[in-house]
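Geometric and topological summary
Here's the letter readout for the chains.
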Amino acid sequence: MLDLKFVRENLSKVEKAVVKRGGKADFAGFSKIEKRRRENLQKIELLRNKRNIASDKIAGMKKAGEDAQASIEETRAVSEEIKDLEKKLSEIESNINSFLIALPNIPHPDVPKGMDEEDNILLKKHGEPPVFDFKIKPHWEIGENLGILDFARAAKIAGSRFPLYFGAGAKLERALISFMLDIHINEHGYKEVMPPLIVNSKTMTGTGQLPKFEEDLFKLEGLDYYLIPTSEVPMANIYANEVLDEEKLPVKFTAFTPCFRSEAGSYGRDTKGLIRQHQFNKVELVKYTVPDTSYDELESLLLNAETILERLELPYQVVTLCSGDLGFAATKTYDIEVWMPGQDKYREISSCSNCETFQATRAGIKFRKKGQKKPEFVHTLNGSGLAVGRTFAAILENFQQSDGSVIIPKALQSYMGGLKVIQNEAG
C-alpha cells in the first residue's frame, strides 16, 4: 500500500506509474477529497482549540461564582459541530483509504514498459531442450498412461482442476517437496516454516490479495477465513505490526504448503494437466530485508530458485516482467519459465518479486536501525522455489522415453528410494 503522504506529494509520479501498468485511477477525485480532508482537519483543530479556551473560561466563571450557562451552551454547540465534522472526516478517510488500497505498487525504473507477457524481456536461457526421435506426449497423457495421474477420478471426487496422484507419482511429488526444502534450508540458509493454511482477511489484505483479488480466493462460508493461495501470505505476515532489529535482517523463510486458487478469469485456459489447478503444492521463499540491500536479495532469491531446475537438469529461461504484466504488489519481478516439450513452449514455474515497502506498509512491519529511534518499513520479497506440480509436469515431459516410461533425474533418485525409472503402474 502506498503511503498517503507519498501519494499526495508525488501525485504525478504515482499517476504515471499506474498508466505505465496499463491501469486507471481517479487522481482528480483523490486530490479533491484529500483537500477536503485537510480542510476538515483544520476546522476540527480550530474548534477544539476554541472549546479548550471556553472550558477554561467556564471553569474560571464557576470559581468566581458567575453564571456560566451561556458559555456552557456555546461549548456544547461547538462540541456538536466537532462531532459532525469528525463523522464527515471518518467518511472522507474511508474513501481515501479505499483509493489508496486499490493502487498498485510503483514499478522499479528498470522495469520495461509494456502491456502484457508479449512485452517481457528475455534475460537468459539455461540448458538445451531435449531432442526426441519419437512422437512426444504432454504430461497428462504420460501420467495417465503410466497410472500415476488420474484426472477423471479427481473430477469425480472434487471437480475439474484437481489432481489425483498414485504410486510413483505421489512419491515423486513428495520427493520434489523434500528435495526443494533440503536445498533451500541446508544450502541457501532459509528457515523452514509450517504456517496455517487458513488466514483471516487482515492477513490477506497485508500481502495485497484483498480487496482486489477476492474473486481468486476460496472463502470459508460465514467466516472471516480464506484458504491460502500461496504460503507467501502467512509467511509475509509473520511479523505484522512488529518492529525488527536491523541486525536480524535479512530474515529468510521457506515453506511447503498446498495452495488454493479459484482461477477466476482463466476459463478455457490450461484445462488439461497440472499447469492451472484449484489445489496445488508449492515451496515458497520469503525474505524480509533492509531497503539498501533488497535488490541484491532479489538477485540471490532468483538464483536460489534457479538452482532447483539446474539440479534437476531441466531447461529454463528467465524473463523480466514488463510493467503491464507486473503483479499488483511487486516493484520488479523475474519469471522463471521451464521448457515443456509436450506443449512446445516455456511455461512459468516461479515468479521472484521485490515488493519493497508495499506489503510492509499494509501489515505494519518495520525495523529499527542501531542508534535510530524512529523505525522504518522493511522490504519484503517472495518467490516460488518451486511450484511442485509444474516441476512434476516438466520432469514427465522432458524425461519421457519412447516406451512411455519416465527417467527420474539423478538428483531425485535418492529421494525416490533408488528408483531410476517410472514404469507403467496402470491397473
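Each remark here, short or long, concerns the structure printed above.
Residues numbered from 1 in each chain as written. Predicted model: local features only at pLDDT ≥ 70, side-chain atom pairs only at ≥ 80, totals over all residues. Heavy atoms only, no water.

**With respect to the overall build of the chain**
To be explicit about the condition: Each helix is a run of DSSP H or I of at least 4 residues and each strand a run of E of at least 2, with the numbering of both proceeding from the N terminus. Relative accessibility thresholds used throughout: buried, under 20% of the residue-type maximum; exposed, over 50%; partly exposed, between the two (1.4 Å probe, protein chains only). What makes two residues a contact is simply this: any of their non-hydrogen atoms within 4.5 Å. When charges are counted, Lys and Arg are positive and Asp and Glu negative, with His and the chain ends excluded. Lysine's charge is taken at NZ, arginine's at CZ, aspartate's at CG and glutamate's at CD.
Of the regular secondary structure elements, the chain holds 13 helices and 16 strands. When the backbone C-alpha atoms are referred to their principal axes, the chain occupies close to 105 × 45 × 35 Å. Burial analysis of the chain (427 residues in total) assigns 49% to the buried set. Once local pairs closer than 6 in sequence are excluded, the contacts in the chain between residues at least 24 apart make up 74%. Positive and negative side-chain charges in the chain, numbering 59 and 62 respectively, have mean positions lying 4 Å apart.

**A few points about unusual backbone geometry**
The residue after leucine 210, namely proline 211, is reached through a cis peptide bond having omega 0°. Among the structural elements, proline 211 can be located in the loop between helix 8 (201–207) and strand 4 (218–219). Leucine 249 connects to proline 250 through a cis peptide bond whose omega is 0°. Within the secondary structure, proline 250 sits in the loop between strand 6 (243–245) and strand 7 (251–260). The backbone of arginine 161 shows a phi angle near 65°, a positive value even though the residue is not glycine. The phi torsion at asparagine 241 lies on the positive side, around 60°, for a residue other than glycine. Relative to the elements of secondary structure, asparagine 241 occurs in the loop between helix 9 (232–235) and strand 6.

**Remarks on the nonpolar core**
How we decide: Residues belong to a common nonpolar core when they are buried Ala, Val, Leu, Ile, Met, Phe, Trp, Tyr or Cys residues joined through side-chain atoms within 4.5 Å.
Counting 52 residues, the largest nonpolar core has Leu176, Phe392 and Leu412 as the members making the most contacts within it. In terms of residue count, helix 7 (residues 167–186) provides more of this core than any other element does, nine residues in total. Membership of the second largest hydrophobic core comes to 20 residues, among which are Val14, Ala17, Phe30 and Ala329.

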